[in-house]
Amino acid sequence: MKLLISNDDGIYAPGVYALAQALQGANHEVTVVCPDRERSATGHGLTMHHPIRAEVVESVFDPRIKAWACSGTPADCVKLALWALLDSPPDFVLSGINRGQNLGTDILYSGTVSAAMEGTIEGIPSIAFSLASYGSHDFQPGAEFAVSLLRFLETNPLPASMLLNVNIPAVPAEKFAGVALTRQGIRRYVDIFEKRVDPRGKTYYWLAGEVLEEVEQALDPKLGVPLPTDVDAIRKNYITLTPLHYNLTSPVGVDLLKGWEFPLK
């Protein structure tokens, strides 16, 4: 298959290297377009007010892999690749493997998930991959799972307008508990801004948020079955697969509000 890979950790991140090399080794046609530097927690931002540059990157990946470093955001990378760099659309857009988990409400800030979401918006099946650790550098089990997952999806296509958010436990492959279909959980943070003073006496602030609590999400009755949350399943060493979509309309809200008569004044 023809694959486009991006990320938010940058073109030289070990996670994207492991993913691209593994998929090229499985005889896929791989193109990599990643930010030229780390762009974590940039969400789905696009560059609108200055040019985007893309430079060919050599001597990093397998010689058969075409690679570009892009000056823009993760969403920019995918959009630029699809509309300017590739000669034809890929079969899949993949993002990652990210250093650190993208669980629960973290996905709203995630450049990794946003890169995959950009592919979904353009009508291309997409998957975001994350390793649930900032300390581990062993991306190989996640890369091998990505190869297996792509092989499965060749004959079991994803529904339209849906992406998969995949989080991989930071344990050896033999310690994976299995693969769990999960729903998005909720993570809340205490956002601590450290107040500092620079050498010129100017005050600045550094965001250093930490998880305050992990909140159980009320089950949407339309799901029909009590799926575990991604936050809970990753603790038990399951690879989590969470289906996401870009339509943020709340069905519960529509049902609740459709009978209301809103005043004009």
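As the structure is a computational prediction, the values presented were derived from the model and not from experiment.

Remarks on the sheet that holds strand β3 (residues 54–56)
Picture the strands of a sheet paired through backbone hydrogen bonds; they go either parallel or antiparallel.
Next up, step 1: Read across the open sheet, the 9 strands follow the order β3-β4-β2-β1-β5-β6-β7-β13-β8; overall the sheet is mixed. At either end of the open sheet lies a strand with only one pairing partner, and these are β3 and β8 (178–181). Between one strand axis and the next, the sheet turns through 20° on average, direction left out of account.
Next up, step 2: The sheet contact formed by β8 and strand β13 (residues 238–244) spans 4 bridges and is parallel. Looking at β13, one finds that G178 is bridged to Y238.

Regarding helix α3 (residues 111–121)
Next up, step 1: The element α3 is extensively covered by neighbouring structure, given that 10 of its 11 residues are classed as buried.
Next up, step 2: Inspection of α3 places G111, T112, V113, S114, A115, A116, M117, E118, G119 and T120 among the buried residues, and these make up the whole buried set.
Next up, step 3: Looking at the buried positions of α3, the neighbouring elements they touch are β1 (2–6), α2 (74–85), β5 (92–99), β6 (126–131), β7 (163–168) and β13.
Next up, step 4: Capping the start of α3 is the job of one residue whose side-chain oxygen sits 3.1 Å from the backbone nitrogen of T112: S110.
Next up, step 5: One or two steps after α3, the chain reaches G123, where phi turns positive at roughly 85°.

Points about the pairing of strand β11 (residues 203–207)
Next up, step 1: Alignment of strand β10 (residues 193–197) against β11, held across 5 bridges, turns out to be antiparallel. Among the inter-strand pairings, V197 is bridged to a residue of β11, identified as T203.
Next up, step 2: Here β10 folds back onto β11 in antiparallel fashion, the turn holding 5 residues, of which G201 has a positive phi close to 85°.

Let's talk about the pattern of salt bridges
Next up, step 1: Within the structure shown, the criterion is met by 9 salt bridges.
Next up, step 2: Salt-bridge contacts for K79 lead to E118; the nearest nitrogen and oxygen are separated by 2.8 Å. Placement of the pair is K79 in helix α2 and E118 in helix α3, with a sequence separation of 39 residues.
Next up, step 3: Exposure remark for K79: the relative accessible area of 30% places this residue in the partly exposed category.
Next up, step 4: Relative accessible area serves as the criterion here: at 2%, E118 is assigned to the buried category.
Next up, step 5: Where K79 meets E122, a salt bridge forms, and the shortest distance between an N and an O atom there is 3.6 Å. Here K79 is found in helix α2, whereas its partner E122 is found in the loop between α3 and β6, with 43 residues between them in sequence.
Next up, step 6: Of the residues examined, E122 reaches a relative accessible area of 28% and is grouped as partly exposed.
Next up, step 7: By sharing partners, the salt bridges in this structure join K79, E118 and E122 into a single network.

Things to note about the UniProt feature "binding site: a divalent metal cation" (unreviewed entry) in the chain
Next up, step 1: Under the feature "binding site: a divalent metal cation" (unreviewed entry), the UniProt entry names D8, D9, S40 and N98. Spanning 91 residues, the named residues form one tight spatial group whose C-alpha atoms are at most 9.1 Å apart.
Next up, step 2: With residues near it in sequence (within four places) discarded, S40 still touches D8 and D9.
Next up, step 3: Along the polypeptide, N98 turns up in strand β5.
Next up, step 4: Setting aside chain neighbours within four positions, we find N98 in contact with D8, D9, T112, F129, S130, L131 and F139.
Next up, step 5: In terms of polar contacts, N98 uses its side chain to reach the backbone carbonyl oxygen of G100, at 2.8 Å.

Calculation criteria
- Counting from 1, residues in each chain are numbered in the order their sequence is written.
- For this predicted model, a pLDDT threshold of at least 70 governs which residues receive local features, and a threshold of 80 or more governs which side-chain atom pairs are given and counted, while totals over whole chains, interfaces and linings are taken from all residues.
- The side-chain figures draw on all heavy atoms in the structure; neither hydrogens nor water molecules are used.
- At least two DSSP bridges between two strands are required for those strands to pair.
- Think of it this way: any DSSP run of H or I at least four residues long counts as a helix, any run of E at least two long counts as a strand, and we number them from the N terminus.
- Angles shown run from 0 to 180 degrees and are taken between the N-to-C directions of axes, each axis being a line fitted to C-alpha atoms and, for helices, limited to the stretch in contact.
- Exposure is judged per residue with a 1.4 Å probe applied to protein chains only, and the accessible area is read against the type maximum: over 50% gives exposed, under 20% gives buried, and values in between give partly exposed.
- Contact criterion: two residues are considered in contact whenever any of their non-hydrogen atoms come within 4.5 Å of each other.
- For the purposes of these results, a polar contact is taken to be a pair of N or O atoms within 3.5 Å, where, inside protein, one atom must be able to donate a hydrogen and its partner to accept one; residues adjacent in sequence count only when each atom of the pair is a side-chain atom.
- For this document, the term salt bridge refers to a Lys or Arg side-chain nitrogen within 4 Å of an Asp or Glu carboxyl oxygen.
- UniProt positions are given in the numbering used here, feature names are shortened, and annotations may be inferred rather than shown by experiment.

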